Amino acid sequence: MSVWERSSTVRVVPSARPRKLAKVPFVELADGRLQGVVSSGSDIGRVYVSSVAAGTYAYACSTNNNRPCGGARGGFCNHIRALVVEAVLQYGVDRVARYLRAEDDAELPDAGSVTSVMAAARPGPGDSSTAAQVFSRFLRHLGYLELEPVTAPLPEMHWFPTAGAVA
Ligand SMILES: [Zn+2]
């Protein structure tokens, strides 16, 4: 790889002593989708923007650098599953199931059953073009969180692509 290629690589640079980001630092029910940001289990500098559409359960997952998630080929990846879990924690299972129109004969008791109902419908890939908007809302959300001492967000600048920072 040439120097030029390396320095132009769009990459999120972690801070020297990265603080741990929550597994799912951002989740919202918006635009007819459950969508949010899920941190990579292995790489502190990488996050995924994941979404599931209400009704169709069409799903999308890509990194903040717009690379498609390898786990989301042909079904829900772990990021989408984690997103549903976090949404249920924040909004409650009833509200999430209602929003997504994930229904069963019986009431759905938890995130796992909501995911199962959606997965059983064999949904296809959805629209990932809104990922950048979701990610920028996440960055703003991080900015708000910095006002609260109970959270430990990464400084916002670290999430911007840094061409030239790889010196
Ligand atoms: Zn994924």
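Refer to the structure printed above.
Got a minute to help me understand the overall build of the protein in this structure?
Across its full length, the protein carries five helices and four strands. The N-to-C order of helical and strand elements in the protein reads α-β-β-β-β-α-α-α-α. Burial statistics for the protein: of 167 residues in total, 44% are counted as buried. Partitioning the contacts of the protein with sequence separation of at least 6, the portion at a separation of at least 24 is 53%.

Which parts of the structure should I look at to understand the packing of aromatic side chains?
For any pair of aromatic rings, the description consists of the separation of the ring centres together with the inter-plane angle of the planes. Applying the stated criterion across every chain yields a total of three aromatic pairs. Relative to F76, the ring of Y59 has its centre 5.4 Å away and its plane inclined at 85°; by these criteria the two rings are edge-to-face. Taken together, the residues Y59 in strand β4 (residues 59–63) and F76 in the loop between β4 and α2 (78–91) connect sequence positions 17 residues apart. On the basis of relative accessible area, F76 is assigned to the buried category, the value being 9%. Between F135 and F138 the ring centres are 5.7 Å apart and the planes differ by 45°, which places this aromatic pair in the tilted class. Highlighted residues: F135 and F138, both in helix α5 (residues 131–145), separated by three residues, approximately one helical turn.

Criteria and cut-off values
Residues numbered from 1 in each chain as written. Predicted model: local features only at pLDDT ≥ 70, side-chain atom pairs only at ≥ 80, totals over all residues. Heavy atoms only, no water. Helix = DSSP H or I, 4+ residues; strand = E, 2+ residues; numbered from the N terminus. Buried < 20%, exposed > 50% of the residue type's maximum accessible area, 1.4 Å probe, protein only. Contact = heavy atoms within 4.5 Å. Phe/Tyr/Trp six-rings, centres within 6.5 Å; stacked < 30°, edge-to-face > 60°.

In short, geometric facts, not functional conclusions.
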